[in-house]
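# Architecture and fold: a report
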Amino acid sequence: MTSLLCQTWHVFLSPMPAHGYEWLLLVPLVCFTSIAYKAVRCEHMDRVWKNSAQMAVVVALGLILLAAIGWGVVELLAMLPASG
Amino acid sequence: MPEDPAQTEPVTAPEGGHKADGQAGVPDEIPWNTRGFRPVAGVAALLLPGLGHAVLGLPKRGRMIAIGVFGLFLTGLLIGGLDAVDSKDDRWWFIAQALTGPTAFGVDWLHQWLRAEGSVIQGLGRMNEIGMLSCALAGLMNGIAAIDACFPPIRRRSEGAKL
(Lines give C-alpha, C1' and ligand atoms only; values in the text may rest on other atoms or scores of the structure.)
Protein backbone atom coordinates (compact mmCIF):
# COMPACT_ATOMS: atom_id res chain seq x y z
CA MET A 1 0.00 0.00 0.00
CA THR A 2 2.76 2.43 1.01
CA SER A 3 4.87 1.56 -2.02
CA LEU A 4 1.84 1.97 -4.29
CA LEU A 5 1.20 5.40 -2.75
CA CYS A 6 4.84 6.40 -3.27
CA GLN A 7 4.63 5.31 -6.90
CA THR A 8 1.49 7.31 -7.62
CA TRP A 9 2.04 10.38 -5.43
CA HIS A 10 5.07 12.61 -5.94
CA VAL A 11 4.71 15.07 -3.08
CA PHE A 12 4.27 18.67 -4.31
CA LEU A 13 4.63 17.54 -7.92
CA SER A 14 1.36 15.69 -8.34
CA PRO A 15 -2.03 16.05 -6.63
CA MET A 16 -2.71 13.93 -3.56
CA PRO A 17 -4.43 10.64 -4.53
CA ALA A 18 -7.33 11.04 -2.12
CA HIS A 19 -10.24 10.61 -4.51
CA GLY A 20 -13.32 9.55 -2.60
CA TYR A 21 -11.96 10.95 0.63
CA GLU A 22 -12.03 14.64 -0.25
CA TRP A 23 -14.30 15.40 2.69
CA LEU A 24 -11.48 14.49 5.09
CA LEU A 25 -9.46 17.42 3.72
CA LEU A 26 -12.02 19.69 5.38
CA VAL A 27 -10.33 19.04 8.74
CA PRO A 28 -6.92 20.71 8.11
CA LEU A 29 -8.56 23.54 6.17
CA VAL A 30 -10.96 24.36 9.00
CA CYS A 31 -8.28 23.97 11.70
CA PHE A 32 -5.69 26.24 10.06
CA THR A 33 -8.32 28.82 9.08
CA SER A 34 -9.52 28.94 12.70
CA ILE A 35 -5.97 29.31 14.01
CA ALA A 36 -5.20 32.17 11.61
CA TYR A 37 -8.48 33.95 12.35
CA LYS A 38 -8.32 33.58 16.12
CA ALA A 39 -4.66 34.67 16.14
CA VAL A 40 -5.89 38.03 14.84
CA ARG A 41 -9.18 38.28 16.69
CA CYS A 42 -8.58 36.63 20.06
CA GLU A 43 -8.30 39.05 22.97
CA HIS A 44 -5.85 37.01 25.03
CA MET A 45 -3.26 34.72 23.48
CA ASP A 46 -3.48 32.23 26.34
CA ARG A 47 -6.99 31.33 25.12
CA VAL A 48 -6.16 31.15 21.43
CA TRP A 49 -5.89 27.35 21.17
CA LYS A 50 -9.16 26.78 23.00
CA ASN A 51 -10.98 29.42 20.95
CA SER A 52 -9.50 28.04 17.72
CA ALA A 53 -10.71 24.54 18.59
CA GLN A 54 -14.18 25.87 19.39
CA MET A 55 -14.34 27.79 16.11
CA ALA A 56 -13.11 24.78 14.12
CA VAL A 57 -15.81 22.55 15.62
CA VAL A 58 -18.55 25.13 14.98
CA VAL A 59 -17.44 25.70 11.37
CA ALA A 60 -17.18 21.95 10.69
CA LEU A 61 -20.65 21.35 12.18
CA GLY A 62 -22.03 24.27 10.16
CA LEU A 63 -20.61 22.84 6.92
CA ILE A 64 -22.03 19.39 7.77
CA LEU A 65 -25.43 21.01 8.41
CA LEU A 66 -25.27 22.89 5.10
CA ALA A 67 -24.35 19.67 3.29
CA ALA A 68 -27.28 17.87 4.93
CA ILE A 69 -29.69 20.68 3.94
CA GLY A 70 -28.35 20.61 0.38
CA TRP A 71 -28.77 16.84 0.24
CA GLY A 72 -32.33 17.17 1.54
CA VAL A 73 -33.23 19.81 -1.06
CA VAL A 74 -31.82 17.64 -3.86
CA GLU A 75 -33.76 14.62 -2.60
CA LEU A 76 -36.95 16.70 -2.43
CA LEU A 77 -36.43 18.02 -5.96
CA ALA A 78 -35.82 14.48 -7.19
CA MET A 79 -39.26 13.46 -5.86
CA LEU A 80 -41.04 16.13 -7.90
CA PRO A 81 -42.65 14.91 -11.12
CA ALA A 82 -40.67 15.76 -14.24
CA SER A 83 -42.09 18.72 -16.17
CA GLY A 84 -43.07 18.40 -19.81
CA MET B 1 -27.84 35.55 31.61
CA PRO B 2 -24.80 37.37 33.02
CA GLU B 3 -21.55 36.90 31.17
CA ASP B 4 -18.58 35.28 32.80
CA PRO B 5 -16.42 38.12 34.16
CA ALA B 6 -13.31 36.17 33.32
CA GLN B 7 -14.30 36.25 29.66
CA THR B 8 -15.27 39.91 29.48
CA GLU B 9 -13.05 41.61 32.01
CA PRO B 10 -9.60 40.04 31.95
CA VAL B 11 -7.38 41.03 34.83
CA THR B 12 -4.17 41.23 32.90
CA ALA B 13 -3.49 43.30 29.83
CA PRO B 14 -2.93 41.46 26.53
CA GLU B 15 0.54 40.73 25.29
CA GLY B 16 2.04 43.90 23.93
CA GLY B 17 -1.07 45.89 24.80
CA HIS B 18 -1.21 49.19 26.63
CA LYS B 19 -1.85 49.47 30.30
CA ALA B 20 -5.30 50.17 31.65
CA ASP B 21 -6.75 53.66 31.66
CA GLY B 22 -5.42 55.93 34.32
CA GLN B 23 -2.12 54.08 34.57
CA ALA B 24 -0.02 54.80 31.55
CA GLY B 25 0.00 54.52 27.81
CA VAL B 26 -3.26 55.60 26.19
CA PRO B 27 -4.93 58.75 27.51
CA ASP B 28 -8.54 58.49 28.66
CA GLU B 29 -9.86 60.84 25.99
CA ILE B 30 -9.12 58.41 23.12
CA PRO B 31 -12.40 56.68 22.14
CA TRP B 32 -12.51 52.94 22.64
CA ASN B 33 -12.84 52.21 18.93
CA THR B 34 -9.88 54.30 17.79
CA ARG B 35 -7.42 52.45 15.64
CA GLY B 36 -3.84 53.36 14.92
CA PHE B 37 -2.13 53.45 11.55
CA ARG B 38 1.11 51.45 11.19
CA PRO B 39 1.88 51.13 7.46
CA VAL B 40 5.27 49.52 8.13
CA ALA B 41 3.58 46.70 10.04
CA GLY B 42 1.04 46.30 7.22
CA VAL B 43 3.77 45.99 4.59
CA ALA B 44 5.74 43.61 6.83
CA ALA B 45 2.64 41.41 7.21
CA LEU B 46 2.31 41.23 3.44
CA LEU B 47 5.99 40.36 3.05
CA LEU B 48 5.91 37.51 5.56
CA PRO B 49 2.81 36.21 7.37
CA GLY B 50 3.03 37.11 11.06
CA LEU B 51 5.87 39.61 10.65
CA GLY B 52 3.49 42.56 10.88
CA HIS B 53 2.36 41.67 14.39
CA ALA B 54 5.94 40.89 15.38
CA VAL B 55 6.84 44.44 14.28
CA LEU B 56 4.00 45.70 16.48
CA GLY B 57 5.56 43.92 19.47
CA LEU B 58 3.16 40.97 19.42
CA PRO B 59 5.48 38.06 18.60
CA LYS B 60 3.20 35.30 19.90
CA ARG B 61 0.28 36.59 17.85
CA GLY B 62 2.60 36.76 14.85
CA ARG B 63 3.74 33.18 15.35
CA MET B 64 0.14 31.96 15.50
CA ILE B 65 -0.71 33.86 12.30
CA ALA B 66 2.32 32.30 10.60
CA ILE B 67 1.23 28.82 11.73
CA GLY B 68 -2.28 29.36 10.37
CA VAL B 69 -1.34 30.97 7.06
CA PHE B 70 1.63 28.73 6.22
CA GLY B 71 -0.36 25.70 7.39
CA LEU B 72 -3.12 26.52 4.92
CA PHE B 73 -0.63 27.21 2.14
CA LEU B 74 1.33 23.99 2.71
CA THR B 75 -1.89 21.98 2.98
CA GLY B 76 -2.94 23.38 -0.39
CA LEU B 77 0.40 22.44 -1.95
CA LEU B 78 0.22 18.94 -0.47
CA ILE B 79 -3.33 18.42 -1.74
CA GLY B 80 -3.06 19.96 -5.20
CA GLY B 81 0.68 19.90 -5.81
CA LEU B 82 2.57 22.89 -7.16
CA ASP B 83 -0.16 23.23 -9.79
CA ALA B 84 -2.41 24.67 -7.06
CA VAL B 85 -0.51 27.97 -7.50
CA ASP B 86 -0.65 28.98 -11.14
CA SER B 87 -0.62 32.61 -12.26
CA LYS B 88 -1.18 31.72 -15.91
CA ASP B 89 -4.03 29.20 -16.00
CA ASP B 90 -5.70 30.16 -12.69
CA ARG B 91 -5.17 33.90 -12.62
CA TRP B 92 -8.21 34.79 -10.46
CA TRP B 93 -7.24 32.23 -7.82
CA PHE B 94 -3.68 33.53 -7.90
CA ILE B 95 -4.84 37.08 -7.07
CA ALA B 96 -6.12 35.77 -3.72
CA GLN B 97 -3.06 33.53 -3.24
CA ALA B 98 -0.71 36.45 -3.92
CA LEU B 99 -1.75 38.05 -0.61
CA THR B 100 0.47 35.44 1.05
CA GLY B 101 3.38 37.53 -0.22
CA PRO B 102 6.65 36.52 -1.87
CA THR B 103 5.98 32.91 -0.87
CA ALA B 104 3.18 32.65 -3.44
CA PHE B 105 5.25 34.33 -6.15
CA GLY B 106 8.18 32.03 -5.40
CA VAL B 107 6.03 28.91 -5.57
CA ASP B 108 4.47 30.15 -8.81
CA TRP B 109 7.90 30.79 -10.31
CA LEU B 110 9.01 27.28 -9.27
CA HIS B 111 5.83 25.82 -10.72
CA GLN B 112 6.28 27.55 -14.07
CA TRP B 113 9.94 26.51 -14.22
CA LEU B 114 9.22 22.86 -13.39
CA ARG B 115 6.27 22.80 -15.78
CA ALA B 116 8.53 23.96 -18.62
CA GLU B 117 10.77 20.99 -17.79
CA GLY B 118 7.76 18.65 -17.65
CA SER B 119 8.24 17.72 -13.99
CA VAL B 120 4.89 18.94 -12.66
CA ILE B 121 1.76 16.88 -13.24
CA GLN B 122 -1.27 18.96 -14.22
CA GLY B 123 -3.86 18.82 -11.45
CA LEU B 124 -7.47 18.25 -12.45
CA GLY B 125 -10.78 17.86 -10.68
CA ARG B 126 -11.58 18.23 -7.02
CA MET B 127 -8.05 17.77 -5.67
CA ASN B 128 -6.82 20.69 -7.75
CA GLU B 129 -9.79 22.80 -6.69
CA ILE B 130 -9.33 22.05 -2.98
CA GLY B 131 -5.60 22.77 -3.25
CA MET B 132 -6.24 26.12 -4.94
CA LEU B 133 -8.93 26.93 -2.37
CA SER B 134 -6.58 26.20 0.54
CA CYS B 135 -3.80 28.41 -0.89
CA ALA B 136 -6.33 31.16 -1.65
CA LEU B 137 -7.66 30.94 1.92
CA ALA B 138 -4.08 31.37 3.15
CA GLY B 139 -3.78 34.57 1.13
CA LEU B 140 -7.13 35.93 2.31
CA MET B 141 -6.35 35.17 5.96
CA ASN B 142 -3.01 36.94 5.59
CA GLY B 143 -4.90 39.87 4.08
CA ILE B 144 -6.99 40.07 7.26
CA ALA B 145 -3.82 39.88 9.38
CA ALA B 146 -2.19 42.63 7.30
CA ILE B 147 -5.21 44.93 7.75
CA ASP B 148 -5.15 44.26 11.51
CA ALA B 149 -1.40 45.00 11.63
CA CYS B 150 -1.82 48.17 9.55
CA PHE B 151 -4.72 49.46 11.67
CA PRO B 152 -4.07 48.00 15.13
CA PRO B 153 -6.58 48.68 17.90
CA ILE B 154 -5.28 51.39 20.24
CA ARG B 155 -7.14 49.91 23.17
CA ARG B 156 -8.34 46.39 23.79
CA ARG B 157 -11.22 45.18 25.92
CA SER B 158 -9.09 44.92 29.02
CA GLU B 159 -8.51 48.65 28.74
CA GLY B 160 -12.19 49.52 28.53
CA ALA B 161 -12.82 48.89 24.83
CA LYS B 162 -16.19 47.28 24.07
CA LEU B 163 -15.44 45.27 20.95
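The notes below deal with the structure included here. Keep in mind the model is a prediction, meaning the values are calculated, not measured.

Another aspect to go through is the overall build of chain B. Scanning chain B for helices and strands turns up seven helices and zero strands. What you see in chain B, going N to C, is helices and strands ordered as α-α-α-α-α-α-α. When each of the 163 residues of chain B is scored for burial, the buried share is 46%. Accessible surface computed for chain B: about 8500 Å², of which carbon and sulfur atoms make up 65%.

Take the nonpolar core next. Formed by 35 residues in total, the largest nonpolar core has its most connected members in Met16 of chain A together with Phe73, Leu77, Ile79 and Val85 of chain B. Residue assignment for this core shows that the elements contributing at least two residues are helix H2 (26-41) of chain A together with helix H4 (59-80), helix H6 (102-117) and helix H7 (125-150) of chain B. Discounting chain neighbours no more than four positions away, the residues touching Met16 of chain A are Trp9 and Leu25 of chain A together with Leu78, Ile79 and Met127 of chain B. Grouped together as the second largest cluster of nonpolar side chains are six residues, Ala41, Ala45, Ala146 and Ala149 of chain B included.

Across the boundary between the two partners, chain B contributes 43 residues, which contact 29 residues of chain A. Buried surface at the junction of chain B and chain A, summed over both partners, amounts to about 3200 Å²; 71% is from carbon and sulfur atoms. When the area that chain B buries against chain A is broken down by residue, the three leading residues are Arg61, Met64 and Met127 of chain B, summing to 20%. Applying the counting rule to chain B against chain A returns one salt bridge. We note a salt bridge from Arg126 of chain B to Glu22 of chain A, for which the minimum N-O separation is 3.8 Å. If you list the elements that add at least two residues to the side of chain B that touches chain A, you get helix H1 (5-8), H4 and H7 of chain B. It is H4 of chain B that contributes the most residues to the side of chain B that touches chain A, 15 residues altogether. By residue class, the composition of the side of chain B that touches chain A is 25 nonpolar, eleven polar and seven charged.

This paragraph deals with the pattern of salt bridges. Residues and elements named next belong to chain B. Enumeration according to the criterion identifies four salt bridges over all chains in this entry. The shortest N-O distance in the salt bridge between Asp83 and Arg115 comes to 3.5 Å. Pair noted here: Asp83 is in the loop between H4 and helix H5 (91-97) and Arg115 is in helix H6, with a separation of 32 residues, a long-range link. Through salt bridges that share partners, Asp83, Asp86, Asp89 and Arg115 make up one connected network.

Looking now at a nonpolar patch on the surface. On the surface, Val59, Leu63, Leu65, Leu66, Ile69, Val73, Leu77 and Leu80 of chain A cluster together into a nonpolar patch covering about 740 Å² of accessible area. Here Ile69 of chain A is to be found in helix H3 (residues 48-79).

Quick notes on the rules
Residues numbered from 1 in each chain as written. Chains lettered and ligands numbered in written order. Predicted model: local features only at pLDDT ≥ 70, side-chain atom pairs only at ≥ 80, totals over all residues. Heavy atoms only, no water. Helix = DSSP H or I, 4+ residues; strand = E, 2+ residues; numbered from the N terminus. Buried < 20%, exposed > 50% of the residue type's maximum accessible area, 1.4 Å probe, protein only. Areas by Shrake-Rupley, 256 points an atom, 1.4 Å probe, with all protein chains shown as cover. Core = buried A, V, L, I, M, F, W, Y, C linked by side-chain atoms within 4.5 Å. Contact = heavy atoms within 4.5 Å. Buried area = accessible area lost by both parts, 1.4 Å probe. Salt bridge = Lys/Arg side-chain N within 4 Å of Asp/Glu carboxyl O. Nonpolar A, V, L, I, M, F, W, Y, C, P; charged D, E, K, R; others polar. Patch = residues over 30% accessible without salt bridge, like charges linked within 9 Å, V, L, I, M, F, W, Y side chains within 5 Å.

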